[in-house]
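Summary of the model geometry
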Amino acid sequence: MASVFSRSVLACAGLLAILAAGEAQAQDKLKSYQSGSKEFWTHPPDDWFLGDETEAQKGLAPPAGPPTGASEAELAATLKKIKLPPGFKIEVYASGVLAARQMAWGDNGTLFVGSFGLGNVYAISGGETREVKTIIKGLKMPTGIAFRDGALYVIDIDRLIRYDNAEANLDHLGEGKVVYDDMPSYVAHGWKYLAPDKDGWFYVPFGPPFNIGLPPTSVSQIRRVDPKTGNAELVALGVRNSVGGDVDPRSGKYWFTENARDWISDDLPSDKLNMVSKLGEHFGYPYCHQGDMPDPKFAMGHQCSEFTPPVLKLGAHVAPLGMKFYTGAQFPAEYQNNIFIAEHGSWNRHKYQGALIKRVIVDPDGKNAKQEDFASGWIEGDQGYLGRPADIVLAKDGALLVADYWAGAIYRISYSK
C-alpha cells in the first residue's frame, strides 16, 4: 500500500515538474505576431507594437510616464540639468499639459496643443498666468493640430476636423466639421501630424499598423490634403512612422522625420530625416531601412538603391518626432534655416538614447547635412527619463517652444547675448 502511495506521489511530482517546465518554456518563448491580416490591423492586441522579439532584445517595452505629469518642483529640478549652447536658457512655459504632442499658434496668441492617448486638445492663454484649458475631450488620438484662417484643425486617426472661430469660442467649440475622412481607422501608428504649406494644404503621414510587414495600400505614405475641398494627392511612399515634418522656407520642399523599425538590434536601424524632392518617391519601407540596410525578411529581392535614401541618419531608436525650420530673428544668424528636431527617445534598446532637441544644418538640396545636440539632459543615468520632447514650435519673438509628452509640460528656449 505504501509502495503504491509512494509511486503516486512520485508520479504527481513528475507531472508537476513537467507542467512547470512547460510553463517556464512558454515564458522563455520569444513573442511573435501574425500582423499581416486585416483582423490584426482593426483589432490589434494591446502589445501590437512589440513586433517579433529577438533573443538579444527580449522583454524590452516602452516605459510608462507619470500619469499626472511632473510637478513644478520636478520640472525646476529637471531644467537645471538641461545642457544648451552658451547664451541659451530654458524655462517652463506651461505645466499640466498632459501627454502633450503637436502645438500650433492661434492668431491672437493662444497656444493649442494636441495629446497622445488622452483624447484631449488644450488651449494655453497668452497672458502671464498662461491658463491651461482642456477645450476638446473624448477624441481617439488627437496628436496632430494646425491653425489656419481663424480655424483650429485637429486630426483624429481617421478624421480631419475643423473648428471655426476657435479662439473666440474656447469654452464651446462644438462638434466641429469633418473636412477629410478618406483614412483608415487603424489606431496602431495611426496618430498623425499636420504640416501646413503656403497654399493652405496639410501634409499628413500615414503609418502602418504594425512594426514590420507588407502594409495595407492605404498607409506607409504621406498625403497632401486640401481641407477646403477634401481633395488629396499622394506625395511619398515607403514611409514607416512619421510624426513630424515641415516645409523648407528656402525651397518649398517637404521634409519629415521617420521612426525606423524595431527588433533588429540596439543599434540598428537608424531613424531618419528625409526630404521629398518629387512626387511619388519611395523611401524604402518595408524593404530597406536607413537607406542601406535590406530588411532580413521583407527585402524580398529589392535593393536599397531602388529607394530614396535619407538626408541624415539620426541614430537607432531615438524616435524623432516634431521638427521645425528656424525662421526667427532671436537666435544668432548661423541658426537661420536650421532644423530643430524633438527626439522622443528610445525604448527598443537596453540603454536609452535620444530624448533631446537636435540641431541639423543642411543645404536646401539636402547636401552637406550635419547634426549636433542642441538641448539634452532629459535622460538620467542609463535608464530613467526626466522628459521626452515631442514637438517644437516657433514663438513670435523667435524663441522655441518644446512640448514634453512625458512631463506634461511646454518649455521655452530663448537666447540673449
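**Quick look at the overall build of the protein**
On a plain count of helices and strands, the protein comes out with three helices and 29 strands. Computed over C-alpha atoms, the radius of gyration of the protein comes to 23 Å, within 12% of the 22 Å expected from 2.2 N^0.38 for 417 residues, which places it in the range of a compact globule. Taken over the C-alpha atoms alone, the protein extends approximately 90 × 50 × 45 Å along its principal axes. By the burial criterion, 56% of the 417 residues in the protein qualify as buried. Counting 42 positive and 49 negative side-chain charges, the protein places the averaged centre of each group 1 Å from the other.

**As for the packing of aromatic side chains**
One pass over the structure, following the stated rule, counts 30 aromatic pairs. Here the aromatic rings of F116 and W191 are separated by 4.8 Å at their centres, their planes lie at 80 degrees, and the arrangement is edge-to-face. Of this pair, F116 sits in the loop between β3 (111–115) and β4 (121–124) while W191 sits in the loop between β9 (177–180) and β10 (195–196), placing them 75 residues apart in sequence. The residues F116 and W191 share a single accessibility class, namely buried. Taking NZ or CZ as reference, R223 lies 3.9 Å from the ring centre of F206, over its face. Here the basic side chain of R388 rests over the ring of Y385, its NZ or CZ set 4.5 Å away from the ring centre.

**Observations regarding the pattern of salt bridges**
Counted by the stated rule, this structure contains 20 salt bridges. Taking the shortest distance from any N to any O, the salt bridge between K31 and D47 comes out at 3.4 Å. Of this pair, K31 sits in the loop between α1 (2–28) and α2 (38–42) while D47 sits in the loop between α2 and α3 (72–79); the two residues are 16 residues apart in sequence, bridging distant segments of the chain. Here K272 makes a salt bridge to E258, at a shortest N to O gap of 3.2 Å. With a gap of 14 residues between them, K272 in strand β16 (residues 270–276) and E258 in strand β15 (residues 254–258) connect regions that are remote in the sequence. When sorted by exposure, K272 lands in the same class as E258, which is buried. What you see here is one network of salt bridges that share partners, running through D197, K198, D199, R224 and E233.

**A few points about the nonpolar core**
Counting 36 residues, the largest nonpolar core has Y153, L160, L194, F202 and V204 as the members making the most contacts within it. Of all the secondary structure elements, the ones that give two or more residues to this core are α2, β7 (151–155), β9 and β11 (202–206).

**With respect to the sheet that holds strand β22 (residues 339–343)**
Spatially, four strands are ordered β21-β22-β23-β24 in an open sheet, and the strand pairing comes out antiparallel. Bordering the open sheet on either side are β21 (320–325) and β24 (370–375), each of which pairs with just one other strand. Taken over all neighbouring pairs, the strand axes of this sheet differ in orientation by 25 degrees on average, direction set aside. Summarising the sheet, strand β23 (residues 356–361) and β24 pair through five bridges and their orientation is antiparallel. Note that in β24 the partner of I357 across the bridge is A375.

**Looking at the state of the cysteines**
As enumerated under the stated definition, the model contains one disulfide in all. Put simply, C288 and C304 are joined by a disulfide, and their sulfur atoms are 2.1 Å apart. The chirality of the disulfide connecting C288 with C304 is right-handed, given an S-S dihedral of about 110 degrees. In this pair, C288 is assigned in strand β18 (residues 288–289) and C304 in the loop between β19 (293–294) and β20 (312–316), connecting sequence segments 16 residues apart. Comparing C288 with C304 shows no difference in burial state: the two are buried.

**Details of the sheet that holds β7**
Read from one edge to the other, the open sheet built from four strands follows the order β6-β7-β8-β9, with strand pairing classed as antiparallel. The outermost strands of the open sheet, each flanked by one partner alone, are β6 (144–148) and β9. Taken over all neighbouring pairs, the strand axes of this sheet differ in orientation by 30 degrees on average, direction set aside. Here β6 runs beside β7; their pairing, made up of five bridges, is antiparallel. Directly across from G144, in β7, lies its bridge partner I155.

**Brief notes about the confidence of the model for the protein**
Here the protein averages 92 in pLDDT, and 93% of its residues register 70 or above. In the model, residues 1–26 has pLDDT below 50 throughout and makes zero contacts with residues more than four positions away in sequence or in other chains.

**A few points about the environment of S251**
In this fold, S251 is placed in the loop between β14 (245–247) and β15. You can call S251 partly exposed: its relative accessible area is 34%. S251 sits 114 residues away from D365 along the chain, and the two C-alpha atoms are 8.2 Å apart. A polar atom in the side chain of S251 sits 3.2 Å from the backbone nitrogen of K253.

**Points about the pairing of strand β2 (residues 100–105)**
β2 sits mainly inside the fold: five of its six residues count as buried. Relative to β3, β2 runs antiparallel, the two sharing four bridges. Each residue of the ladder has a partner; that of M103, found in β3, is V113. In textbook terms, the turn of a hairpin is the stretch between consecutive antiparallel strands, and for β2 and β3 this stretch comprises five residues, one of which, G109, has a positive phi near 90 degrees.

**Considering α3**
Of all the positions in α3, only L75, T78 and L79 are classed as buried. The buried side chains of α3 occupy one side of the element, clustering within an arc of 90 degrees when seen end-on. Where α3 is buried, its residues contact β1 (88–95) and β29 (409–415).

**Remarks on the layout of surface pockets**
In this structure, the largest pocket occupies an estimated 930 Å³ of space. As for the largest pocket, its lining consists of 41 residues, and the residues nearest its centre are P62, R101, F116, H344 and Y405. Looking at the lining of the largest pocket residue by residue, the classes come out as 23 nonpolar, 13 polar and five charged. Here the second largest pocket is characterised by a volume of approximately 610 Å³. Forming the boundary of the second largest pocket are 26 residues, of which R148, P196, D246, K324 and V393 lie nearest the centre. Elements represented by at least two residues in the lining of the second largest pocket include exactly β2, β6, β10, β14, β21 and β27 (389–394). A per-class count over the lining of the second largest pocket returns 14 nonpolar, four polar and eight charged.

Cut-offs applied
Residue positions are counted from 1 within each chain, in the order its sequence is given. Where local features are concerned, this predicted model is filtered to residues with pLDDT of at least 70; where side-chain atom pairs are given and counted, the filter is 80 or more; whole-chain, interface and lining totals use all residues. Side-chain metrics in this entry use all non-hydrogen atoms of the structure; hydrogen atoms and water are not considered. Here a helix means four or more residues in a row that DSSP labels H or I, a strand means two or more in a row labelled E, and each is numbered from the N terminus. For this measure, only C-alpha atoms enter the radius of gyration; the expected value for a globule follows 2.2 Å times N^0.38, where N is the number of residues. When accessible area is computed with a 1.4 Å probe and restricted to protein chains, residues below 20% of their type maximum are described as buried, those above 50% as exposed, and intermediate ones as partly exposed. Positive charges come from Lys and Arg, negative ones from Asp and Glu, while His and the chain ends are left out of the count. Charged side chains are reduced to one point each, which is NZ for Lys, CZ for Arg, CG for Asp and CD for Glu. Aromatic rings from Phe, Tyr and Trp, with only the six-membered ring used for Trp, were paired whenever their centres fell within 6.5 Å, and each pair was classed as stacked if the ring planes differed by under 30 degrees, edge-to-face if by over 60, and tilted otherwise. Counting as a charge over the ring demands two things of the Lys NZ or Arg CZ atom: a distance within 6 Å of the ring centre and an angle within 35 degrees of the ring normal. By convention in these notes, a salt bridge is any Lys or Arg side-chain nitrogen within 4 Å of a carboxyl oxygen on Asp or Glu. As used here, the term nonpolar core means buried Ala, Val, Leu, Ile, Met, Phe, Trp, Tyr and Cys residues forming a set that is joined through side-chain atoms within 4.5 Å. The rule for pairing is simple: two strands pair if DSSP sees at least two bridges between them. Lines fitted to the C-alpha atoms define the axes, with helices restricted to the stretch that makes contact. Angles between their N-to-C directions range from 0 to 180 degrees. Counting rule for disulfides: a pair of cysteine sulfur atoms within 2.5 Å. In predicted models, pLDDT denotes the confidence assigned by the predictor to each residue on a 0 to 100 scale. In this analysis, two residues are considered to be in contact whenever any of their non-hydrogen atoms come within 4.5 Å of each other. Polar contact is defined as a pair of N or O atoms within 3.5 Å, subject to the rule that within protein one atom must be able to donate a hydrogen and the other to accept it, and that residues adjacent in sequence are counted only when both atoms are side-chain atoms. To be clear, the arc concerns the directions from the helix axis to the C-beta atoms. Whether a set of points on the 1 Å grid over the protein atoms alone is a cavity depends on a 1.4 Å probe fitting there but being unable to get out, while an open set qualifies as a pocket with protein on both sides within 12 Å along at least five of seven lines; lining residues are those with an atom within 4 Å of a point. Grid points are joined across faces, edges and corners, and a volume is the space filled by probe spheres set on the points. Each residue gets one of three labels, nonpolar for Ala, Val, Leu, Ile, Met, Phe, Trp, Tyr, Cys and Pro, charged for Asp, Glu, Lys and Arg, and polar for the others, Gly among them.

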